[in-house]
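Residue-level structural notes
Next come the chains, spelled out residue by residue.
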Amino acid sequence: MPRARVNGVELYYQLTGDGDPLVLVHGSWGDHFTWMPVLPALAERFRVLVYDRRGHSRSERPPGQGSRAEDEDDLAALVEELGLAPAHVAGNSFGASTALGLAARRPTLFRSLIAHEPPLTGIVTAGAERGPASRDTRMQDAQVKIDSVLAHLRAGETFEGAHQFVEEVALGPGTWDGFPEQVRETFLTNAPTFLDEQDDPGWSSLDLGRLSGYRGPALLTTGTVSPPWFPAVIARIAEALPQAQVRSLDGAGHIPHVTHPAEYVQNLTGFIEAHA
């Protein structure tokens, strides 16, 4: 199993395909395996890197409180270690937050940036000047459910926390039972890292002023059946990236590369090729 020691942590990764480098960054609870539905098609056009973020599955889980900044530094170091910079970088959920955070800090590592539903609630709720968006009851309801998930995890109730997150926060009723056994086991294995991510004070924030320094192509997407507060987050990011394109993926939810792989590949490759 290929591994790289970067930024003080050992990360599991896979490289496949030929062409321009494309890095896929997974979200919370999951790992590189979530990209398998789209990997064969993408590898026909790109040199694709998938990896397990620190604390997930086959990668090292360092002790102590972590931070999203560490994930950003891991991504930068891995891309450089493997000689892939500058790369197209596509992130989902917390992986999208990681990609956006790195683009704000080190934009020259990117050829393009694709972000699907980063849970950066802090950029919407911070400050009374944001007006009605800061009082969005849908976002408040989601936070109540996330707090309940975290309470389960802190009490050692891993199954209850993972099940509630899948069913009530991210993907909807009935999803957990439809998961393959391997996916359910991955959620349970990586639950402690989700708790660690949520305990990072900066997990939901982003320096939008610094992000505006990223001048490369950017695609920001949401799904039409996703939790309804994501468009407000995407709109705030788009304000900082006026050159970004915003798309809504019809019929898709929070993990379109899993539920709608053909459409996800078409959107991603079409966007990159239009800006080649």
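Quick note: structure is the one above.
A brief structural summary. (Residues numbered from 1 in each chain as written. Predicted model: local features only at pLDDT ≥ 70, side-chain atom pairs only at ≥ 80, totals over all residues. Heavy atoms only, no water.)

What about the sheet that holds strand β7 (residues 218-223)?
Here eight strands make up an open sheet; going across it, the order is β1-β2-β4-β3-β5-β6-β7-β8 and the pairing mixed. Pairing within the sheet leaves two strands with one partner each, and these edge strands are β1 (3-6) and β8 (245-249). Sheet twist, expressed as the average angle between the axes of neighbouring strands with direction ignored, equals 25 degrees. The strands touched by helix α2 (residues 68-81) are β1, β2 (9-16), β3 (20-25), β4 (46-51) and β5 (87-92); relative to β1, the strand with the most contacts, the crossing angle is about 120 degrees. In this fold helix α10 (residues 230-240) packs onto β7 and β8, with an angle of close to 170 degrees to the strand it touches most, β7. (Pairing = 2+ DSSP bridges. Helix = DSSP H or I, 4+ residues; strand = E, 2+ residues; numbered from the N terminus. Axes fitted to C-alpha atoms, helices over the stretch in contact; angles between N-to-C directions. Contact = heavy atoms within 4.5 Å.)

Topic: the pattern of salt bridges
Inspection of every chain in the model, using the stated rule, returns 15 salt bridges. We note a salt bridge from glutamate 70 to arginine 54, for which the minimum N-O separation is 3.5 Å. Within this pair, whereas glutamate 70 is found in helix α2, its partner arginine 54 is found in the loop between β4 and α2, the two being separated by 16 residues in sequence. The partly exposed category is assigned to glutamate 70, whose relative accessible area is 26%. One salt bridge in this structure joins glutamate 80 and arginine 106, with 2.7 Å as the shortest N-O distance. With glutamate 80 in helix α2 and arginine 106 in the loop between α3 (94-105) and β6 (110-116), the pair connects residues that are 26 residues apart, well separated along the chain. (Salt bridge = Lys/Arg side-chain N within 4 Å of Asp/Glu carboxyl O. Buried < 20%, exposed > 50% of the residue type's maximum accessible area, 1.4 Å probe, protein only.)

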